[in-house]
Amino acid sequence: MACGETTPALHPVGFIAHCPQTNTNTTSPPLSLSLSLSLLMTRYLFLSLLLCHLLCAAGTGGRWTLLHQSIGITSMHMQLLYNDRVVMYDRTDFGISNISLPGGKCRHDPYEAVVKVDCSAHSVEYDVPTNTFRPLMVQTDVWCSSGALAPDGSLVQAGGFNDGERVVRIFQPCNDSRCDWREIPDGLAVRRWYATSQALPNGTQIIFGGRRQFNYEFYPKAASTINAYSLRFLVETFEKKAENNLYPFVFLNVDGNLFIFANNRAILFNYKNGTVVRTYPIMPGGDPRSYPSTGSSALLPLKLVKGGGATTEAEVLICGGAPKGAYFQAQNGTFAPALNTCGRIKITDPSPKWVMETMPMARVMGDMILLPNGDVLIINGAAAGTAGWEFGRDPVLKPVIYRPDIVHGSRFEVQNPSCIPRMYHSSAVLVRDGRVLVGGSNPHIYYNFTGVLYPTDLSLEAFSPPYLDAGLSGLRPRIVSPVSQAIIEYGRPLSIQFCISGGLSQNGVSVTMIAPSFTTHSFAMNQRLLVLGGGKARSMGNSTFKVRVVTPGSGDLAPSGYYMVYVVHQGVPSEGIWVHIR
């Protein structure tokens, strides 16, 4: 490939805006979702697609691509793996899904209330480069569980509902179709439903909370230690009935402690000795932001100082959610307007304070995804109501990009809309080529395709941020070396060779490193972006350049595992390469 050529996309589908399908299935659909629509329905879909394409193509602000009308399940949970495949799953007690298990396999579960012998799949593996997917088999209920990647790149999924509430499941990536879920009964000390998993610097994971669980535990469990440890903070943030402290926002701080946010407040927690290091101010306004009020949160890009050492600061952003009392109002048929505010706090400051900002539109159940250039994408969700069965209203179809380094008051930029409502039980993840996969949405107890306000959605689409516009191809770098799957070490120099067909600007480049997230219920667990540095790159001739950076200095900055590395030029990122830091 010549240096002036661009790297082929992981999935070479053109950018197509689209509108949602109308399913002809009943609320108890057949095992295989029919894709043969009537002529009238086909014409309707064509006109809808055309209209939506014209509307979205009329301006700038990202592009939408329909990848699949149906992947057979609603993708409640998503995790990108180092082989460019995404594991997705919903729950086993929705009833029969719309994709069959292979080879005549069936799941036999006497505890299942809906279908005790289920030959349909409730998990799939999506292959990004080939835009194909295959069914996976889970034996126990994974509903509303958590997850994190182990240092070897395997997905460790924790908990769920019913017979799955104490199960740990492992998915080890492979390059063929032989890998599947492996389940560990009683892998958890207590039941975990709506809990949060966080990868730790020593290669283990810590799991916080869950419904009526005011404690945390480590995985793998050590036989010589207590299995579960109480955490008073989870008691203090608990509200009867509404709860509002489920799926707490947890981030590994640069000092090795954990920032934990639940309801409307936060602490800095030393998990090694079980002590609270700092209590942060209550978020202004006092409204809850975690499930079921369900705002979203992200640790903003960590800018490493020269030499790969500790950063000078770390900041957390929390946006949207539902006001206090909204959950009870929704139960009575009143759907309160969602919150339109964001709070940003420097968690490393000696006297930290929340700085509030106003979003262009209110949003509950949104997802916040870090983009390779350091921006934050806010996507999915509703403008009213809360999380929970049938409790969301007024879909927010327009994503918003938040630019952390721009002056306060000018950081938000509204993007082109999708036409598919992504309500309760939707999710999103960044993939290596810079697109964001978006799927899910099922605010019903079962798969309901007709006769409901927001039908169950089984589609998968991709949002391409503005940096992927064709007009910016001359600015887009292409990494020449190292090759993907490179092994790197902590605190060591890293030389990256890249080319830019349009030439390098005087502003130079930056290099970013992103940990892939486990996303569910509006929180991207373990999402992390480090700015390794950059600046002036040295010319190698023929539009080729080399930039030298230093890798993160410790596991406190970047827990061992797989990351995507990008070269960013004038806000336009390259396609990423996988690296394994250890």
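Here goes a summary of the coordinates provided. (Residues numbered from 1 in each chain as written. Predicted model: local features only at pLDDT ≥ 70, side-chain atom pairs only at ≥ 80, totals over all residues. Heavy atoms only, no water.)

## Quick notes on the overall build of the chain
Broken down by element type, the chain carries 3 helices and 45 strands. Summarising the internal contacts of the chain: among those between residues at least 6 apart in sequence, 64% fall at separations of at least 24. Here the chain has roughly 21100 Å² of accessible surface; of this, 55% comes from carbon and sulfur atoms. (Helix = DSSP H or I, 4+ residues; strand = E, 2+ residues; numbered from the N terminus. Contact = heavy atoms within 4.5 Å. Areas by Shrake-Rupley, 256 points an atom, 1.4 Å probe, with all protein chains shown as cover.)

## Comments concerning the packing of aromatic side chains
Scanning the entire structure with this criterion turns up 35 aromatic pairs. On the numbers, 5.2 Å between centres and 75 degrees between planes, the contact of W143 with W193 is edge-to-face. In this pair, W143 is assigned in the loop between β7 (132-136) and β8 (146-149) and W193 in the loop between β11 (182-184) and β12 (196-199), connecting sequence segments 50 residues apart. As far as burial versus exposure is concerned, W143 and W193 are alike and both buried. With centroids separated by 5.5 Å and ring planes inclined at 85 degrees, the aromatic side chains of Y327 and F391 adopt a geometry described as edge-to-face. Of this pair, Y327 sits in helix α3 (residues 326-331) while F391 sits in the loop between β27 (382-385) and β28 (392-395); the two residues are 64 residues apart in sequence, bridging distant segments of the chain. Ring-pair connections join several aromatic residues into one group, and the members of that group are W143, F161, W193, Y194, Y247, Y291, W389 and Y424. The aromatic ring of W143 is capped on one face by R91, whose charged end is 3.6 Å from the ring centroid. Stacked on the ring of W193, the Lys or Arg R211 has its end atom at 5.1 Å from the ring centre. (Phe/Tyr/Trp six-rings, centres within 6.5 Å; stacked < 30°, edge-to-face > 60°. Buried < 20%, exposed > 50% of the residue type's maximum accessible area, 1.4 Å probe, protein only. Lys NZ or Arg CZ within 6 Å of the ring centre and 35° of its normal.)

## Examining the environment of C106
Structurally, C106 is set in the loop between β3 (85-89) and β4 (107-108). Assessed through its relative accessible area of 22%, C106 is described here as partly exposed. With 11 residues separating them in the primary sequence, C106 and V117 have C-alpha atoms 6.4 Å apart.

## Quick word on the environment of D255
The residue D255 is located in the loop between β16 (249-252) and β17 (258-262) in this model. Through-space distance from the C-alpha of D255 to that of E313 is 9.9 Å; in sequence the pair is 58 residues apart. Once you skip the residues sitting within four places of it in the chain, D255 turns out to touch L268 and D556. There is a polar contact of 2.9 Å between the side chain of D255 and the backbone nitrogen of N257. (Polar contact = N/O pair within 3.5 Å; in protein donor to acceptor, adjacent residues only side chain to side chain.)

## What about the nonpolar core?
Within soluble globular proteins, side chains that are nonpolar tend to cluster in buried spots. Among the nonpolar cores identified, the biggest contains 137 residues, and V86, M88, Y194, F259, L430 and L437 are the most heavily contacted of them. The residues contacting L437, other than those within four sequence positions of it, are L67, M78, V86, M88, Y126, S427, A428, V429, V431, L460, E461 and A462. L200, V250, L252 and A262 belong to the second largest nonpolar core, which has 15 residues in total. (Core = buried A, V, L, I, M, F, W, Y, C linked by side-chain atoms within 4.5 Å.)

Nothing here speaks to function; it is all geometry.
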